[in-house]
Amino acid sequence: MATKQFKAESKRLLDLMINSIYTHREIFLRELISNASDAIDKLYYKSLSDGSTGLSRDDFAINLAVDKDTRTITLTDNGCGMAREELEQNLGTIAKSGSLAFKKENAEKENKEDIDIIGQFGVGFYSAFMVADCVKVISKVFGSDEAYCWESHGVEGYTIEPCKKEGHGTDIILTVKANTEEENYDEFLEPYRLQQIVRKYSDYIRYPIKMEVEKRRPKEGGEEHEFETYTEVDTLNSMVPLWKKTKSEITAEEYNNFYKEKFFDFEDPAKVIHSSTEGSATYNALMFIPARAPYNYYTRDYEKGLQLYASGVLIMDKCADLLPDCFSFVRGLVDSQDLSLNISREMLQHDRQLKIIEGRLEKKIKSELLAMLSGEREKYEAFFKNFGLQLKYGVYSEYGAKKDLLKDLLLFYSSSEKKMVTIAEYIGRMKEEQKNIYYASGESVERIDHLPQIELLKDKGYEVLYLTDDVDEFALTMMREYDGKEFKSAASSDLNLESEEEKEAAKKQTEENKDLLALMQEALGDKVKAVCLSQRLKTHPVCLASEGALSLEMEKVLNAMPSDQKVKAERVLEINANHAVFSTLTKLFESDKEKVKTYAELLYTQALLIEGMPVEDPVAFSNQICELMV
């Protein structure tokens, strides 16, 4: 029979299909199985709608067979089959989908919830040419006596001719390509490899996928440890997805085992999130929060994303678009029947439905975390120890786009409670006259607890949040306020905690010592913006404060980054007027102004050390200390 040519545009598309649309050659089996499932669906739907087939769901199956000698893979279904015209129409014109047409025709009929057609674009079949140099399709329509064979060697064209076939349905026979220097096609002739592919992509196809596999067993009547090889037909797929069962049907152990097997973790998850949604975007989601952060979680190597299934068929292993970065620690999957996919089904179109699903998952994850925070506090604190840093990065990144989503989930160490608290809990304990939420930054809780800057706050009984992560202050600065209360650094130069009488007394004291303070500032030059008398210090002689948006802690963090550009906060050196050191300074101002300058440098360096900042000239500092000792 004469070979028929593909249309010119189909030729170009077929060449594209074989060489570039699909990123992984193993996808061919997923596509052919999906098509076989569709064919069975159509016949099953017919049996539901008019009862004429006499078939039940248990009568249907998809069969796989491999023959290494002839280098063939055969995939057989007992679905609706295709007549000659359908073979011509569906396989002769690329991107002409019989599945899509069927779905449109039956969309308004009863039982439409049973129509779950996976392949709707009609291009998946041609992925077979990625691994085969000849594809043969033998098909027989249910109830017909005629069978036809469609055969093609690729872009050259195809033939259709009558043939014989037992039973209805379709056989697809692939003659696998010979190996090349670049590609190993032999792998697809190994039964174990086909089993892997089926379990990876098609485990939840609703009909059994069967294959004869080779097994070993102890030889009956043989010697000890003597085995024999035999073959047995195995069902390769599990068929029923866990996430499509109702929650009441699933035990905690089943959830945990599924998570550990699916996501290769040795620990049970800290939290299981199982939800089903219908409406503008219909999907099932099964998500897990790991018990601890993966070893590479805070590195560039970590790849976020949920597995994406379309009607039980794996489309993407890591769909990053379904999770915001702040929740990138979540593992799991989403299964949707109606996402718009591109022609290869490997990539999502960035459409409205995807955004709806992402938004709903985001809200669901937050609500589950809030429930854990309020109902399982110890468990939540363990979670926060692992992933709290990511939540804080989420507040700061993208110009604070997610700050309202995340602010209620944050925990910080409290000076008064001596444990981790939420910002809402802090506000609930605020004193009536207190206007701000106070915080202090440092390397550790112990270091912060001894900072001179928080003496006055503690003295007034104000709670202080201790920030120990580099991102903390940046996150709070991005939030600016919580429930109308502004965040205020304990190291800020304008705490404004004094009474009017105290302000007047301080003003008078500053005026009386203005020449001394001016001399000290002159000695320090551009190291500080000002030297002033402190209203916050009680027992400590000196501290550093900052003016403007950039704090001392921010300066440390930013300058630790690999960059040629260094930043500097506007530093203010504060002196405790009630300390013995200040009395010494006032006396020296009258007798030895040069020594006052030396003391100014010493006090400044001392303040740097208290802040955990580098000493600008260690040698000079050492010499000045030695001079004092002589």
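### Here's the deal with the side chain of Ser152
Tracing the sequence through the fold places Ser152 in strand S4 (residues 147-152). In this structure the side chain of Ser152 is engaged in a polar contact, spanning 3.0 Å, whose partner is the backbone nitrogen of Gly154. Setting aside residues no more than four positions away along its own chain, Ser152 makes contact with Phe6, Phe129, Asp133, Cys134, Val135, Gly157 and Tyr158.

### A word on a nonpolar patch on the surface
Together, Ile625, Leu628 and Met629 line one region of the surface with nonpolar side chains, adding up to about 300 Å² of accessible area. Here Met629 lies in helix H19 (residues 618-629).

### Digging into the sheet that holds S4
Read across the sheet, eight strands follow the order S5-S4-S3-S6-S2-S1-S7-S8 without closing on themselves; strand pairing throughout is mixed. With partners counted over all chains shown, the strands left at the sheet margins are strand S5 (158-163) and strand S8 (227-235), one partner each. On average, adjacent strands in this sheet sit at an angle of 25 degrees to one another, irrespective of strand direction. In this structure, strand S3 (residues 132-140) lies alongside strand S6 (residues 169-176), joined through eight bridges in antiparallel fashion. Residue pairing for S6: Ala132 is matched across the bridge by Val176. Against the sheet, helix H2 (residues 27-50) touches strand S1 (62-67), strand S2 (72-77), S6 and strand S7 (209-218), its axis set at about 25 degrees to S2. Running over the sheet, helix H5 (residues 191-201) touches S1, S2 and S7 and is turned about 130 degrees from S7.

### Remarks on the pattern of salt bridges
One pass over the structure, following the stated rule, counts 46 salt bridges. With its nearest N and O atoms 3.1 Å apart, the salt bridge here joins Lys200 to Glu26. Here Lys200, found in helix H5, pairs with Glu26, found in the loop between helix H1 (8-21) and H2; they are 174 residues apart in sequence, far enough to count as distant. The partly exposed category is assigned to Lys200, whose relative accessible area is 39%. For Glu26, a relative accessible area of 11% puts it in the buried group.

### Describing the pairing of strand S9 (residues 271-277)
Of all seven residues in S9, five are buried, a share of seventy percent or more. In the sheet, S9 pairs with strand S10 (residues 283-289) via seven bridges, with the strands oriented antiparallel. When the bridges of S10 are listed, His274 appears paired with Leu286. In textbook terms, the turn of a hairpin is the stretch between consecutive antiparallel strands, and for S9 and S10 this stretch comprises five residues, one of which, Gly279, has a positive phi near 130 degrees.

### A few points about unusual backbone geometry
The phi dihedral of Phe264 is positive, around 55 degrees, even though this residue is not glycine. By secondary structure assignment, the location of Phe264 is in the loop between helix H6 (252-263) and S9. Although it is not a glycine, Arg480 sits at a positive phi angle of roughly 65 degrees. For Arg480, the location among the structural elements is in the loop between helix H13 (472-479) and strand S18 (481-482). The class for Arg480 is exposed, based on a relative accessible area of 54%.

### Here we look at the sheet that holds strand S22 (residues 570-575)
Across the sheet, which stays open at both edges, the three strands sit in the order S20-S22-S21 with mixed pairing between neighbours. Among the strands making up the open sheet, the edge pair consists of strand S20 (530-533) and strand S21 (542-547). Taking the axes of each pair of neighbouring strands and ignoring which way they run, one obtains an average angle of 30 degrees across the sheet. Here helix H15 (residues 514-524) sits on the sheet in contact with S20 and S22, set at roughly 145 degrees to S20.

### Focus on the packing of aromatic side chains
This model, assessed by the stated rule, comprises 26 aromatic pairs. An angle of 70 degrees between the planes, with centres 6.3 Å apart, marks the rings of Trp243 and Phe258 as edge-to-face. Here the residue Trp243 occupies a position in the loop between S8 and H6, and Phe258 occupies one in helix H6, the gap between them amounting to 15 residues. For the pair Trp243 and Phe258, a shared accessibility class is recorded, and that class is buried.

### Focus on helix H16 (residues 552-559)
Residue pairs spaced three or four apart in an α-helix point in one direction, given the helix's 3.6 residues per turn. When you tally the buried positions in H16, you get six out of eight residues, the bulk of the element. Turning to H16, its buried residues are Leu552, Glu553, Met554, Glu555, Lys556 and Val557. Each element contacted by the buried residues of H16 is listed here: strand S16 (436-441), H13, S21, S22 and helix H18 (593-611).

What counts as what
- Residues numbered from 1 in each chain as written.
- Predicted model: local features only at pLDDT ≥ 70, side-chain atom pairs only at ≥ 80, totals over all residues.
- Heavy atoms only, no water.
- Helix = DSSP H or I, 4+ residues; strand = E, 2+ residues; numbered from the N terminus.
- Polar contact = N/O pair within 3.5 Å; in protein donor to acceptor, adjacent residues only side chain to side chain.
- Contact = heavy atoms within 4.5 Å.
- Patch = residues over 30% accessible without salt bridge, like charges linked within 9 Å, V, L, I, M, F, W, Y side chains within 5 Å.
- Areas by Shrake-Rupley, 256 points an atom, 1.4 Å probe, with all protein chains shown as cover.
- Salt bridge = Lys/Arg side-chain N within 4 Å of Asp/Glu carboxyl O.
- Pairing = 2+ DSSP bridges.
- Axes fitted to C-alpha atoms, helices over the stretch in contact; angles between N-to-C directions.
- Buried < 20%, exposed > 50% of the residue type's maximum accessible area, 1.4 Å probe, protein only.
- Phe/Tyr/Trp six-rings, centres within 6.5 Å; stacked < 30°, edge-to-face > 60°.

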